[in-house]
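Residue-level listing of the chains:
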Amino acid sequence: MSQIKKGFLPVFYNDSKVLILGSFPSVKSREVEFYYGNLRNKFWRILCSYFNEEIPQTLQGKKEFLKNNKIALWDVVTECEIIGSQDSTIKNYKVADLNLILQNCSIELIILNGNTAFNIFKKHYADINIPYIKLPSTSPANFKCDEGEWENALRRVFKRA
């Protein structure tokens, strides 16, 4: 019998401008109890590179990075049955109530990290009137992650110094 796994609470701040939504935390992320915990995941490297910062090594450092750069972070699925870290096995899921963030922040862009996040988002939030974009998954399983697409999306909101 499958066990329901729970995701993480959202990380957001009143001045967050970009909301990045993943699908659901990987096994490694669930072990370290924070987003994108697999060291092979390109997420932190791509974001920190864009903002010309070192990758924070602590949970608090990552939260400060998000706050300082006006980024909100959550997963579109808050709980589900899943085998390992495979998005393709997600079932019996609950969708994040994005109003929790959208009513408390001035989000200018929603970034969907990969196909699963995008497809579930579209199914439940198709009528949202905030611009959103699907970007290649930063997962280590995605060998075709184009960092340039991430940079272009971030540039839509954040001007480089």
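Scoring rules and cut-offs
Residues numbered from 1 in each chain as written. Predicted model: local features only at pLDDT ≥ 70, side-chain atom pairs only at ≥ 80, totals over all residues. Heavy atoms only, no water. Salt bridge = Lys/Arg side-chain N within 4 Å of Asp/Glu carboxyl O. Helix = DSSP H or I, 4+ residues; strand = E, 2+ residues; numbered from the N terminus. Buried < 20%, exposed > 50% of the residue type's maximum accessible area, 1.4 Å probe, protein only. pLDDT = per-residue confidence, 0-100. Pairing = 2+ DSSP bridges.

Pairing is possible between side chains of opposite charge, provided their charged atoms come close. One pass over the full model with this rule turns up four salt bridges. Between Lys-6 and Glu-79 there is a salt bridge, and its shortest N-O distance comes to 2.8 Å. Here the residue Lys-6 occupies a position in strand E1 (residues 5-6), and Glu-79 occupies one in strand E4 (residues 77-81), the gap between them amounting to 73 residues. Assessed through its relative accessible area of 56%, Lys-6 is described here as exposed.

The pLDDT averaged across the chain works out to 91; a share of 96% of its residues lies at or above 70. Here helix H6 (residues 147-155) is the element of the chain with the lowest mean pLDDT, 84, and strand E3 (residues 71-75) is the one with the highest, 98.

Next up on the list: the pairing of E4. Here E4 lies mainly inside the structure; four of its five residues are buried. In terms of strand pairing, E1 meets E4 through two bridges, oriented antiparallel. Bridge pairing in E4 places Lys-6 opposite Glu-79. As judged from the three bridges shared by E4 and strand E5 (residues 91-95), these two strands associate in the antiparallel manner. Each residue of the ladder has a partner; that of Val-77, found in E5, is Val-95.

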